[in-house]
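# Reading the structure
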Amino acid sequence: MGNGKVYATVVLIRLIYAGMHILTKASFNEGTSTTVFVFYRHAVAAIFLLPFAFIEIRKKPAPPLNFKLTAKIFAHAFYGMAGTINLYCIGLKYASATSSSAIFNIVPVVAFILAVMFRMETLKLRSVHGLAKASGILLCVGGVIVLALYEGPELKSMNHHQLLQHHASAAAAHAHSKEEWALGIFLMTTSVVIWSFWTVKQGPLLLEYPSKLLNTTLQCLFASIQSFVIALVLERDFSRWKLAGAVSLASVLFTGIVVAAISYYLQIWVIEKKGPVFLSMSMPLSLVFTMAIASFVLGEDVSLGSIIGSVLLVAGLYNVLWGKSREEKQAAGGGAGGEDGDMERNAAAVQPADGETETEEEEKEGDCRDVDAAAKV
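Residues numbered from 1 in each chain as written. Predicted model: local features only at pLDDT ≥ 70, side-chain atom pairs only at ≥ 80, totals over all residues. Heavy atoms only, no water.

### With respect to the nonpolar core
- By size, the foremost hydrophobic cluster in this structure holds 68 residues, and its most contacted members are C89, I103, I106, I185, M188 and L313.
- If you tally residues by element for this core, the top one is helix 3 (residues 67-94), at nine residues.
- Contacts of I185, omitting those with residues within four sequence positions, involve A95, S99, I103, V144, L147 and A148.
- Judged by nonpolar contacts, the second largest core, of seven residues, contains A26, V247, V297 and L298. (Core = buried A, V, L, I, M, F, W, Y, C linked by side-chain atoms within 4.5 Å. Buried < 20%, exposed > 50% of the residue type's maximum accessible area, 1.4 Å probe, protein only. Helix = DSSP H or I, 4+ residues; strand = E, 2+ residues; numbered from the N terminus. Contact = heavy atoms within 4.5 Å.)

### Digging into the environment of A260
- For A260, the location among the structural elements is in helix 10 (residues 246-274).
- Residue classification places A260 among the buried residues on the basis of a relative accessible area of 2%.
- When the C-alpha atoms of A260 and A46 are compared, they prove to be 9.1 Å apart, with 214 residues separating the residues in sequence.

### Remarks on the pattern of salt bridges
- Inspection of every chain in the model, using the stated rule, returns five salt bridges.
- Of the charged contacts in the structure, one is a salt bridge between E327 and K324, with a shortest N-O distance of 3.9 Å. Here E327 and its partner K324 are both found in helix 13 (residues 304-333), three residues apart, which amounts to about one turn of the helix.
- Among the residues examined, K324 registers a relative accessible area of 17% and is labelled buried.
- Between E328 and K324 there is a salt bridge, with its nearest N and O atoms 3.9 Å apart. Taken as a pair, E328 and K324 lie in helix 13 at a separation of four residues, close to a single helical turn. (Salt bridge = Lys/Arg side-chain N within 4 Å of Asp/Glu carboxyl O.)

### Details of helix 12 (residues 283-297)
- Taking 1.5 Å per residue as the helical rise, helix 12 with its 15 residues ought to reach 21 Å, and the 21 Å between its terminal C-alpha atoms agrees with that figure.
- Those residues of helix 12 not exposed but buried are M283, P284, S286, L287, T290, A294, S295 and V297.
- A positive phi of about 70° marks G299, the residue just after helix 12. (Expected span 1.5 Å × (residues − 1).)

### Regarding the confidence of the model for the protein
- Averaged over every residue, the pLDDT of the protein is 80; the share at 70 or more is 82%.
- Looking at the elements of the protein, mean pLDDT is at its lowest for helix 14 (residues 338-350), recorded as 39, and at its highest for helix 3, recorded as 93.
- Taken as a whole, residues 166-174 scores under 50 in pLDDT and shows nine contacts with residues more than four places along the chain or in a different chain.
- Within the model, pLDDT remains below 50 along residues 335-377, and this stretch shows 94 contacts once partners closer than five positions in the same chain are excluded. (pLDDT = per-residue confidence, 0-100.)

### Considering the packing of helix 6 (residues 128-149) against helix 13
- The N-to-C vectors of helix 6 and helix 13 enclose an angle of 160°; their axes lie 7 Å apart at closest approach. With respect to helix 13, the element helix 6 is oriented roughly antiparallel. Like other packed secondary-structure pairs, helix 6 and helix 13 cross with a definite hand, here left-handed.
- Across the contact of helix 6 with helix 13, the residue classes tally to 15 nonpolar, 12 polar and four charged. (Axes fitted to C-alpha atoms, helices over the stretch in contact; angles between N-to-C directions. Parallel < 35°, antiparallel > 145°, perpendicular 65-115°, else oblique. Left-handed = near helix turned anticlockwise from the far one by under 90°. Nonpolar A, V, L, I, M, F, W, Y, C, P; charged D, E, K, R; others polar.)

### Section: the side chain of K133
- One can find K133 in helix 6.
- If sequence neighbours within four positions are ignored, K133 has contacts with F112, E121, T122, L123, N319, V320, G323, K324 and E327.

### What to know about the packing of helix 5 (residues 107-117) against helix 13
- Two numbers describe how helix 5 lies on helix 13: the axes approach to 9 Å, and their chain directions differ by 50°. The orientation of helix 5 with respect to helix 13, classified from their angle, is oblique. The chirality of how helix 5 crosses helix 13 is left-handed. Listed contacts from helix 13 to P108, V109 and F112 of helix 5 are G316, L317 and V320.
- Grouping the constituent residues of the contact of helix 5 with helix 13 by class yields five nonpolar, one polar and no charged.

So, in structure tokens, the structure goes:
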């Protein structure tokens, strides 16, 4: 029964993220400015989280904040939330909800690559798990390239009466050139790479400022201010600051509250029960849900290139996760020699100076992945 609850929760989380991709795309199809949308998203998330942050402060005094730490949190909010989400939304405007969901599958892979660069992980190509990780990285790169450069024949949507867009906007949504599509894929991929770097750096930040709720709230608050300035610079026409319609309003509220709050705690709960790898392995479900729902709700046609690229991305994700899982099992079952010695070096590289336990590190890793829910589109 307990496992059933975990599986049902994972499905709900992936449905929430599918709804995020679809509603965000629908709001852009409706005519909402991407920069204004990002500002409203962060503002709603910050306003929603502030009361919970005050309750947290009343129960337990907040950790002290000096100028250096405040500036560091401000910088993390800028590149990891305001900047990357603006890039992502511009890319989504030029591409599709399905491609957006597909690209999300590279987040754990990019995070692994960055962890290798920061010497938090190792990549030993002479081992089976090392080859699996390397092949996963190559598959993900290939998937992104196929998504961007190959279209192929289209599988037409069976629904010709879209629920979330007018016929005029639907025609506009399919009118993007190949160059615009490739630009959209490039911007979304860049956004995911930057955001993956942000998730990796959340670990050290949480060691300096351990309150997860206050950390998230502060970053959302700073990101809303930064997004306001970005929108003010890029969107000079103030008539565009009005949300284009009911779908845009629903998208802002859904992604600002449901994704920022509900899915955040749901993901923490799943990680406590099954661990972060289990949650990562469920990511392709969002792609399946998005592809199916977008076809009926947005009337999106799925191209052969999108399907092939998505399959490569999912295969790459599972290769990396399988390699990591095999590496951990060998480390748990063997001695200190050979591949197991490599894992001991990994543990030493990840181990914080204050003696944080492995369990705490796992929780921190899960928290870093979940802080996304307070900000990501």
